[in-house]
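# Structural overview
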Amino acid sequence: MKNCWPDGDLRAYIDGELASDARATIGAHLEACSACGARHRELAERAAWVSAVMALSENAPEIPAARPRRWLVGAVGLAASLGIALLLLPKRAPDRPTPVVAKVVVPPAPVQTAAPAPAVHRPAPRRQEPPEEFLRLDDEPIETAIIVRVSADNGALQADLIIGPDGRAHAIRVVRQ
Amino acid sequence: MRYAPTAASANSAEPEALERLLAEERRERVQRVLAALKPRDAQMLLLRSSGMSYRELAETLGIQLGSVGSMMARAEQEFERRYRARYGGHL
């Protein structure tokens, strides 16, 4: 039949995107032309199918983003923990008196020897400060962990981090020197 | 005595989880097929699916208004052909 319409016009006709006169002309032609009628049905069915597939895709939940790398999580945790340690550490004031910790030192019992050994001057053992308590950074229980010592300011500031299996720091302890 | 699961003990979250998996699979299929199309065809389908009119499509893609219908028909034909070749006719 003459004056058959191309796919583009039939497709626009399906979407109602033609001017009213063109729409009326094509509508009349489709009633008379079996070939264009069949093509119109084919295009309409495909358009509905593609539209349904695309709609189903749009209703799907978002695909989660790729997980950050474990080492990156650990590095961020370490950096954050060290920052917290810097904030928690009291600033050293040179004129502040150092608190004296009373400690009873029990001298070792004298050992009887055959000949008295010459007196050897030994430096007094360095007094050990009691270990600081760990500060929990979250309430998530962990079964295994490693302790990582980090330092800053050329070693003047040190802290122990409890690193869990997830690569994050779960607790911190400032090491006083 | 053997444990007999009852209707009340069935996990009601399982159908929802399954539906979510299927939806994600459909989404991935569409994305794979769109990625295999010519960029202009994929853009056409995505923009039309977002609700753009033919005039808006022509302006966005920089094409003649009279060409939108033919490009749309060609993009849909290619999309269907590739989709059915990979996954059959199932949605």
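Each chain has its residues counted from 1, following the order in which its sequence is written. Think of it this way: whatever chain is written first is A, whatever ligand is written first is 1, and the rest follow in order. At least 70 in pLDDT is required for a residue's local features to be given in this predicted model, at least 80 for side-chain atom pairs to be given and counted, and no such filter applies to totals for whole chains, interfaces and linings, which use all residues.

### Considering the overall build of chain B
By the criteria applied, helices consist of DSSP H or I runs no shorter than four residues and strands consist of E runs no shorter than two, each listed in order from the N terminus. When helices and strands are counted, chain B shows 4 helices and 0 strands. Written out in order from the N terminus, the α and β elements of chain B read α-α-α-α. Each residue is classed by its C-beta neighbour count within 10 Å, where at least 20 other C-beta atoms makes it buried, 12 or fewer makes it exposed, and intermediate counts make it partly exposed; the C-beta atoms are placed from backbone geometry. Residues classed as buried in chain B amount to 20% of the 91 residues present. A sequence separation of at least 24 residues applies to 50% of the contacts in chain B between residues at least 6 apart. Placing C-beta atoms from the backbone, we regard two residues as in contact once those atoms come within 7 Å.

### Section: the pairing of strand S4 (residues 169–175) of chain A
Residues and elements named next belong to chain A. Here strand S1 (residues 135–136) runs beside S4; their pairing, made up of 2 bridges, is antiparallel. The residue bridging Arg 136 from the neighbouring strand is Ala 171, located in S4. Here, a strand pair is defined by DSSP locating no fewer than two bridges between the strands. With 6 bridges connecting them, strand S3 (residues 157–163) and S4 associate as antiparallel partners. Note that in S4 the partner of Ala 159 across the bridge is Val 174. Hairpin connection, S3 to S4: the antiparallel pair is bridged by 5 residues, and Gly 167 has positive phi, about 85°.

### So, the interface of chain B and chain A
Taken residue by residue, the interface counts 22 residues in chain B and 23 residues in chain A. Only helix H1 (13–36), helix H2 (39–49) and helix H4 (68–87) of chain B provide two or more residues apiece to the side of chain B that touches chain A. Top element by residues in the side of chain B that touches chain A is H4 of chain B. It accounts for 10 residues. When residues are grouped by polarity, Ala, Val, Leu, Ile, Met, Phe, Trp, Tyr, Cys and Pro land in nonpolar, Asp, Glu, Lys and Arg in charged, and all others, Gly among them, in polar. When its residues are assigned to classes, the side of chain B that touches chain A shows 10 nonpolar, 6 polar and 6 charged.

### Quick look at the pairing of strand S2 (residues 146–152) of chain A
All names here are of chain A. As defined by bridge partners, S2 adjoins S3 across 7 bridges and the pair is classed as antiparallel. Pairing of Ala 152 across the sheet is with Leu 157, part of S3. Following S2, the chain reverses through 4 residues before pairing antiparallel with S3; Asp 153 in that reversal takes a positive phi of roughly 55°.

### Quick look at the sheet that holds S3 of chain A
With respect to topology, 4 strands assemble into an open sheet ordered S1-S4-S3-S2 (chain A), the strand pairing being antiparallel. Looking at which strands have only one partner, the edges of the open sheet turn out to be S1 and S2 of chain A.

### Regarding the nonpolar core
Note on definitions: a nonpolar core is a set of buried residues drawn from Ala, Val, Leu, Ile, Met, Phe, Trp, Tyr and Cys, linked by C-beta atoms within 7 Å. With 24 residues, the main nonpolar core has Met 44, Leu 45, Val 68, Met 72, Ala 75 and Phe 79 of chain B as its most contacted residues. Listed by contribution, the elements that provide at least two residues to this core are helix H1 (7–14) and helix H3 (34–59) of chain A together with H1, H2, helix H3 (54–61) and H4 of chain B. Per-element tally for this core: the top contributor is H4 of chain B, with 7 residues. Setting aside residues up to four positions removed in sequence, Met 44 of chain B forms contacts with Leu 57, Leu 61, Met 71, Met 72 and Ala 75 of chain B. Core analysis: the second largest hydrophobic core is formed by 6 residues, Ala 159, Leu 161, Ile 163 and Ile 172 of chain A among them.

This is a description of form; function is not addressed.
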